[in-house]
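Notes for the structure review
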Amino acid sequence: MELRQLEYFVAVAEEANFTRAAERVNISQSGISAQIKALEKEVGAELIDRSSRVARLTVAGTAALVHARRALESSAALRHSVDEVLSLVRGRVAVGMVTACTVTPLFDALAAFHSAYPGVDITLAEANSDELIARVRSGTLDVALVGTAHGPPEGLESLVMITEGLAACVPPGHPLASVSAVTLGEVCAHRVVCLPVGTGIRSVFDDACAAADITADVALAASAPGAVADLAARGLGVAILSRSMAPDFEDRLVPVPISDVPADAVLALTWSPKASTAVRKLATYVSGCVGQGLHNHSHRG
């Protein structure tokens with residue numbers, strides 16, 4: 001008795017038609033008929049009543065169907081278990097990360113995961129968040145650390161690592177440097193320096209401006225928070241950064257919270273619902289590292 005014979009038998013039983021069953025399992029009608037006859041010969045009973053156009057189960061066929069399905073389910077479970085083990089023994093995980101990102105928990109998790117599963121090949125790619133999310137959806141990346149506005153990406157599984165507001169960062173002596181908080185309108189009365197379109201922080205800023213019917217004068221965009229800070233320190237505009245980024249540049253910029261941005265910037269690890277065991281295991285390592293040194297980081301979302 002072969003598993004493929006049981007698969008063909010179940011297909012005929014569920015389709016009640018040899019032609020449709022043959023199409024379903026990608027075999028000729030004569031081929032599926034011959035395989036089921038061979039199965040019937042082995043069990044010593046007719047399983048399918050062929051006396052009409054509708055293929056009906058015999059009493060023996062009805063009894064056999066339950067066990068055939070169980071056998072196929074057990075076979076699938078066996079293959080899945082082996083695949084899970086192999087994915088942790090000699091698998092591959094393609095990790096994406098927002099450009100110029102330094103998030104200690106992610107790096108700690110990658111190191112711990114590699115130590116536990118040295119046979120898994122880890123690759124790392126950098127891009128902006130929109131591109132990373134698209135690559136996770138397409139399957140060219142397994143998991144990615146992304147910055148978004150309005151929560152993690154829909155349709156993907158995610159672990160939110162940071163949720164925070166925006167800050168305007170200005171040099172000492174700037175008109176905004178002496179206040180405890182600013183509004184979006186007050187910020188946009190000046191030229192601003194931002195991260196590029198496609199990043200979470202830029203999306204939060206642009207969406208807030210659109211909602212408030214404010215047109216921001218974006219003087220320059222740079223792909224790393226340090227570059228944005230350097231440009232602002234040279235008087236080229238107000239730097240728009242997340243509140244956790246701002247302290248990294250307090251030697252040359254004064255951070256001022258923006259009080260009326262309705263949405264927070266979100267930094268999240270995200271992966272497909274169909275992710276491999278290796279990817280899910282990596283996500284548990286990241287989850288375990290969240291909160292341990294998360295305050296000591298710089299990220300670009």
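Here's a quick rundown of the structure. For clarity, every value in this text was computed on a predicted model and none was experimentally measured.

Another point: the overall build of the protein. When helices and strands are tallied, the protein shows 10 helices and 12 strands. Its C-alpha radius of gyration of 29 Å places the protein more than 25% over the 19 Å reference for a compact globule of 301 residues. In terms of overall dimensions, the protein has a C-alpha envelope of 95 × 45 × 25 Å along the principal axes. Of all 301 residues assigned to the protein, the portion counted as buried reaches 44%. Considering only contacts within the protein whose residues lie at least 6 apart along the sequence, 75% involve residues at least 24 apart. If you sum the accessible surface of the protein, you get close to 14400 Å²; carbon and sulfur atoms cover 52% of it.

On to the packing of helix α5 (residues 104–116) against helix α10 (residues 277–289). As a packed pair, α5 and α10 sit with axes 8 Å apart at the nearest point and diverge in direction by 130°. Regarding the angle of α5 to α10, the classification is oblique. Where α5 crosses over α10, the two elements pack in a sense that is right-handed. Residues Pro 105, Leu 106, Asp 108, Ala 109, Leu 110, Ala 112, Phe 113 and Ala 116 of α5 touch α10, and the partners they reach there are Ala 278, Lys 281, Leu 282, Tyr 285, Val 286 and Cys 289. Looking at the contact of α5 with α10 residue by residue, the classes come out as 12 nonpolar, no polar and two charged.

Its place among the elements puts Thr 58 in the loop between β2 (56–57) and α4 (59–90). Among the residues examined, Thr 58 registers a relative accessible area of 15% and is labelled buried. A polar contact of 3.0 Å, which involves the side chain of Thr 58, links it to the backbone nitrogen of Gly 61. Excluding anything up to four places from it in sequence, Thr 58 contacts Glu 46, Leu 47, Ile 48 and Asp 49.

A word on the sheet that holds strand β11 (residues 254–257). Read from one edge of the open sheet, five strands run β9-β8-β10-β7-β11, paired in mixed fashion. Since the sheet does not close on itself, it has two edges, and those belong to β9 (218–221) and β11, each with one partner. Adjacent strand axes in the sheet meet at a mean angle of 35° when their direction is disregarded. Sitting on the sheet, helix α8 (residues 200–211) is in contact with β7 (166–170), β8 (192–194), β9 and β10 (238–242), with an inclination near 115° to β10. Lying over the sheet, helix α9 (residues 225–233) contacts β7, β8, β9 and β10, oriented at roughly 150° with respect to β10.

Here the focus is the packing of helix α2 (residues 18–25) against helix α3 (residues 29–43). At a minimum axis separation of 8 Å, α2 and α3 run at an interaxial angle of 100°. Judged by the inter-axis angle, α2 sits roughly perpendicular to α3. Each of Phe 18, Thr 19, Ala 21, Ala 22 and Val 25 in α2 lies in contact with α3, whose residues at this interface are Gln 29, Ile 32, Ser 33 and Ile 36.

What follows concerns the packing of aromatic side chains. What the rule picks out here adds up to two aromatic pairs. Plain terms: the ring middles of Phe 113 and Tyr 285 are 6.0 Å apart, the flat faces sit at 85° to each other, and that makes the pair edge-to-face. Taken as a pair, Phe 113 in helix α5 and Tyr 285 in helix α10 lie far apart in primary sequence, 172 residues in all. Pairwise contacts between aromatic rings join Phe 113, Tyr 117 and Tyr 285 into one cluster.

Taken together, the five strands give an open sheet; going across it, the order is β4-β3-β5-β12-β6, and neighbouring strands pair in mixed fashion. Looking at the sheet topology across the chains shown, the edges are occupied by β4 (121–127) and β6 (157–164). Each adjacent strand pair in this sheet contributes to an overall mean axis angle of 25°, direction not counted.

Here we take up α2. Restricting attention to buried positions, one finds in α2 the residues Phe 18, Ala 21, Ala 22 and Val 25. Angular distribution of buried residues about the axis of α2 spans 100°; they occupy a single face of the element. Elements in contact with the buried residues of α2: α1 (3–15), α3 and β1 (48–49). Residue Asn 17 occupies the N-cap position of α2, its side-chain oxygen lying 2.9 Å from the main-chain nitrogen of Thr 19. Just downstream of α2 lies Asn 26, where phi reads positive at about 60°.

Attention now goes to the pattern of salt bridges. Applying the stated criterion to the full structure yields 11 salt bridges. For Glu 14, the salt bridge is made with Arg 69, and the minimal N-O distance between the two is 3.1 Å. One end of the pair, Glu 14, is in helix α1; the other, Arg 69, is in helix α4, and 55 residues separate them in sequence. One salt bridge connects Asp 217 with Arg 191, and the closest N-O pair in it is separated by 3.8 Å.

About the cut-offs
- Residues numbered from 1 in each chain as written.
- Predicted model: local features only at pLDDT ≥ 70, side-chain atom pairs only at ≥ 80, totals over all residues.
- Heavy atoms only, no water.
- Helix = DSSP H or I, 4+ residues; strand = E, 2+ residues; numbered from the N terminus.
- Rg over C-alpha atoms; globule rule 2.2 N^0.38 Å.
- Buried < 20%, exposed > 50% of the residue type's maximum accessible area, 1.4 Å probe, protein only.
- Contact = heavy atoms within 4.5 Å.
- Areas by Shrake-Rupley, 256 points an atom, 1.4 Å probe, with all protein chains shown as cover.
- Axes fitted to C-alpha atoms, helices over the stretch in contact; angles between N-to-C directions.
- Parallel < 35°, antiparallel > 145°, perpendicular 65-115°, else oblique.
- Left-handed = near helix turned anticlockwise from the far one by under 90°.
- Nonpolar A, V, L, I, M, F, W, Y, C, P; charged D, E, K, R; others polar.
- Polar contact = N/O pair within 3.5 Å; in protein donor to acceptor, adjacent residues only side chain to side chain.
- Pairing = 2+ DSSP bridges.
- Phe/Tyr/Trp six-rings, centres within 6.5 Å; stacked < 30°, edge-to-face > 60°.
- Arc of directions from axis to C-beta.
- Salt bridge = Lys/Arg side-chain N within 4 Å of Asp/Glu carboxyl O.

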